[in-house]
Amino acid sequence: MGVISHLLNALFGGGLSEVRRTVEVFRENAEAGAERGHDLQRAALEQLTQEFTRDQRGVFDRIMDGLNRLPRPGLALGTLGLFIAAMVDPVWFAARMQGISLVPEPLWWLLGVIVSFYFGARHQAKAQAFQVQLGHSMARLPQVIAQIDTLEGQVKRAAPPPQQVDDQNPALTAWLQVAKGAR
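Computed from a predicted structure; not experimentally measured. (Residues numbered from 1 in each chain as written. Predicted model: local features only at pLDDT ≥ 70, side-chain atom pairs only at ≥ 80, totals over all residues. Heavy atoms only, no water.)

**Looking at the overall build of the chain**
(1) Moving on: Assigned secondary structure in the chain consists of nine helices and zero strands.
(2) Moving on: Burial statistics for the chain: of 183 residues in total, 2% are counted as buried.
(3) Moving on: On the chain, roughly 16200 Å² of surface is accessible, and the fraction owed to carbon and sulfur atoms is 66%. (Helix = DSSP H or I, 4+ residues; strand = E, 2+ residues; numbered from the N terminus. Buried < 20%, exposed > 50% of the residue type's maximum accessible area, 1.4 Å probe, protein only. Areas by Shrake-Rupley, 256 points an atom, 1.4 Å probe, with all protein chains shown as cover.)

**A closer look at the packing of helix H5 (residues 71-88) against helix H6 (residues 90-101)**
(1) Moving on: Where H5 meets H6, the axes come as close as 5 Å, and the angle between the chain directions of the two elements is 125 degrees. Between H5 and H6, the interaxial angle falls into the category oblique. Contacts between H5 and H6 involve Leu82, Ala85, Ala86, Met87 and Val88 on the former and, on the latter, Pro90, Trp92, Phe93 and Met97.
(2) Moving on: A per-class count over the contact of H5 with H6 returns nine nonpolar, no polar and no charged. (Axes fitted to C-alpha atoms, helices over the stretch in contact; angles between N-to-C directions. Parallel < 35°, antiparallel > 145°, perpendicular 65-115°, else oblique. Contact = heavy atoms within 4.5 Å. Nonpolar A, V, L, I, M, F, W, Y, C, P; charged D, E, K, R; others polar.)

**Examining the pattern of salt bridges**
(1) Moving on: Going through the model one piece at a time under the given rule, you end up with two salt bridges.
(2) Moving on: The closest approach of N and O atoms between Arg36 and Glu28, which form a salt bridge, is 2.6 Å.
(3) Moving on: Salt-bridge contacts for Arg42 lead to Asp39; the nearest nitrogen and oxygen are separated by 3.1 Å. Linking Arg42 with Asp39, this pair stays in helix H3 (residues 30-51), spanning three residues, or about one helical turn.
(4) Moving on: Judged by its relative accessible area of 41%, Asp39 is partly exposed. (Salt bridge = Lys/Arg side-chain N within 4 Å of Asp/Glu carboxyl O.)

**Concerning a nonpolar patch on the surface**
(1) Moving on: Together, Val59, Phe60, Ile63, Met64, Leu67 and Leu70 give the surface a local cluster of nonpolar side chains, amounting to about 590 Å² of exposed area.
(2) Moving on: Within the secondary structure layout, Val59 lies in helix H4 (residues 59-68). (Patch = residues over 30% accessible without salt bridge, like charges linked within 9 Å, V, L, I, M, F, W, Y side chains within 5 Å.)

**Things to note about the side chain of Asp65**
(1) Moving on: Turning to its location among the elements, Asp65 is positioned in helix H4.
(2) Moving on: Judged by relative accessible area, which is 10%, Asp65 ranks as buried.
(3) Moving on: Discounting residues that sit within four places of it in the chain, Asp65 has contacts with Arg57, Arg122 and Lys126.

**Brief notes about the environment of Ala85**
(1) Moving on: Mapped onto the fold, Ala85 is located in helix H5.
(2) Moving on: When near neighbours in sequence (up to four residues on either side) are disregarded, Ala85 contacts Pro90, Trp92 and Phe93.

Encoded structure:
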């Protein structure tokens, strides 16, 4: 036994840590690989969590957002309803349109202003909220770039070195020619 232990000490320097390091030259450490995979998956999930986190709004704001989605479909469906009413009962439709023609022009202007300001203010508020969210995302850009660089570095370290074919090797050149000719 003494000869074998002396031989192993001479080859591996003594201790299991040397054997482990020697084996890891040829085969990845499964535990360390699993830890790297876990860290990568956790980082991806944290990034998705940050990206898709909704802002905490009150009940009133959520109800108003729900009501704000009703005017456009209501206007579209109402217009289609007017076309159907005109085809089903033209006299009834003409009587209603005569009533609308009696509305004074300043009232139409007022309605236009109210609707324009309503939709314009909503559009502006949503655009500003989008810009704020975009600003928050852009503030995280350096962190994301650093994480990507770290991941690319890990992939490069884990990847085996590329094998180079020696063009000066006559046996290899002959074998490649035979292999190409066999196809």
